[in-house]
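# What the coordinates show
Here is how the chains run, residue by residue.
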Amino acid sequence: MNINSCRNTHDFRALAKARLPSAVFHYIDGAADDEVTYRRNTKAYEECDLIPNVLAGVETIDTSVEVMGLKLDLPLFCSPTALQRLFHYRGERAVALAAEKSRIMFGVSSLGTVSLEEIGQTISSPKMFQFYYHKDKGLNDAMIEMCKEANFDAIALTVDTITGGNRERDLWTGFTSPPKLTLNSLISFALHPNWSLNYVFRERFALPQLEKYVSQGSNVAVSIGDYFSNMLDQSMDWKDAEEIKQKWGKKFCLKGIMSVEDAKRAVDIGADAIMVSNHGGRQLDGSISPFDQLADIVDAVGDEIDVICDGGIRRGTHVLKALSVGAKACSGGRWYLYALAAGGQQGVEKAISNMKNEIERDMKLMGVTKLSQLSRKNIKFR
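Presented here is a report on the structure given in the accompanying data block. Please read all numbers here as calculations on a predicted model, not as lab measurements.

### Quick notes on the overall build of the protein chain
- Within the protein chain one finds 15 helices and 12 strands.
- Across the 382 residues in the protein chain, those meeting the buried criterion constitute 59%.
- Taking all contacts inside the protein chain whose residues are at least 6 apart in sequence as the whole, residues at least 24 apart take part in 74%.
- Total accessible area computed for the protein chain in this model is approximately 15700 Å², and 48% of it derives from carbon and sulfur atoms.
- Considering the protein chain, the positive charge centre built from 46 side chains and the negative charge centre built from 48 side chains are found 5 Å apart.

### Considering the packing of helix 12 (residues 260–268) against helix 13 (residues 290–301)
- In the contact formed by helix 12 and helix 13, the axes pass within 9 Å of each other and the chain directions differ by 35°. Where helix 12 crosses over helix 13, the two elements pack in a sense that is right-handed. Along the contact surface, helix 12 presents V260, A263, K264 and V267, while helix 13 presents Q293, D296, I297, A300 and V301.
- For the contact of helix 12 with helix 13, a count of residues per class yields six nonpolar, one polar and two charged.

### Things to note about unusual backbone geometry
- The amide bond that connects S177 to the next residue, P178, takes the cis arrangement and shows omega of -10°.
- The backbone of N151 sits at a positive phi, close to 60°, despite the residue not being glycine.
- Within the secondary structure, N151 is located in the loop between helix 6 (137–149) and strand 7 (154–158).
- The residue H279 is not glycine, and still its phi comes out positive at about 60°.
- When you line up the elements, H279 lands in the loop between strand 9 (273–276) and helix 13.
- For H279, a relative accessible area of 10% puts it in the buried group.

### Quick notes on the side chain of S79
- Along the chain, S79 falls in strand 4 (residues 76–81).
- Relative accessible area serves as the criterion here: at 2%, S79 is assigned to the buried category.
- Dropping the residues within four chain positions of it, S79 is found in contact with K255, M275, D310, S331, G332, G333 and Y336.

Calculation criteria
Residues numbered from 1 in each chain as written. Predicted model: local features only at pLDDT ≥ 70, side-chain atom pairs only at ≥ 80, totals over all residues. Heavy atoms only, no water. Helix = DSSP H or I, 4+ residues; strand = E, 2+ residues; numbered from the N terminus. Buried < 20%, exposed > 50% of the residue type's maximum accessible area, 1.4 Å probe, protein only. Contact = heavy atoms within 4.5 Å. Areas by Shrake-Rupley, 256 points an atom, 1.4 Å probe, with all protein chains shown as cover. Lys, Arg positive; Asp, Glu negative; His and termini not counted. Charge placed at Lys NZ, Arg CZ, Asp CG, Glu CD. Axes fitted to C-alpha atoms, helices over the stretch in contact; angles between N-to-C directions. Left-handed = near helix turned anticlockwise from the far one by under 90°. Nonpolar A, V, L, I, M, F, W, Y, C, P; charged D, E, K, R; others polar.

So yeah, pure geometry; function would need other evidence.
What follows is the structure, given as structure tokens:
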């Protein structure tokens, strides 16, 4: 299999599995505990059916949306994810260039592996920074300043990582950032020479947003669960979120909102958007899926704040179902991370192209020419 023959997320996953060392692949692919929530995030879409209309004159369609005042050419964007240069040596550079080419939003994590300065200098399309609230307040302030200097458009404060989820696959594989050299990992590295040569001989792995403040993750190997539990501030509350919004002063989003009550609080503090997300099932296993919770949240705050459905997206029809319920856009990580691992920028471009083609075709089959024409009249839950 090659990039050109990858027609969907499942194909990219298979190719990523073949090209990555086992521990790195399972870091992308895994989730918390029994991974029930991870599976439910996608399964939820199967319990909602689309009701198409016909004879609608769909020769010309418009797939664009506006989120937080930013015009995006597709209603799906690349949610910020950590450690991307472990998956492909180009990492965030590859994803950013692919996103810019398609004019969709691209997110950079606090645990990103390319500097905000570089991204800001090279990428002109909409950019979001995923903010992890650390115990070190100097680091928090520094990251806000980095975002300002790099002219990022939005900050998404992640609110569901108050402690690390129990990611048992990572415990089983021994995954850390940076990777540890053990007998098992050396064998896996040897079986994947292209990945290993790129990791060893190209740019040193680092977390540039963090390395001046903390050594964990760049120079000292640590699991992501331990990093969240030990480095992030477990006292974070709504007052802290509002303070970050005020210091930032531009578009502000809360990532990880799952309850109606919290959605209303997000409106109260003046957030511009919320990402209805359970962190891809990587935190609290057994929690509700974003799509299952979407209608209640949209009904409560959809007229006051942009609601983004994050996670579980594998098909263009999933996006149309979420928009029919009332989401302004969708986002996700694995749908493009598998593609990044499979083929760098070319892989991500192909993944975006696949989704774009699906969304365009599915809109025509639904009988809509603009995404704003979607509503709950064209869906039915089983």
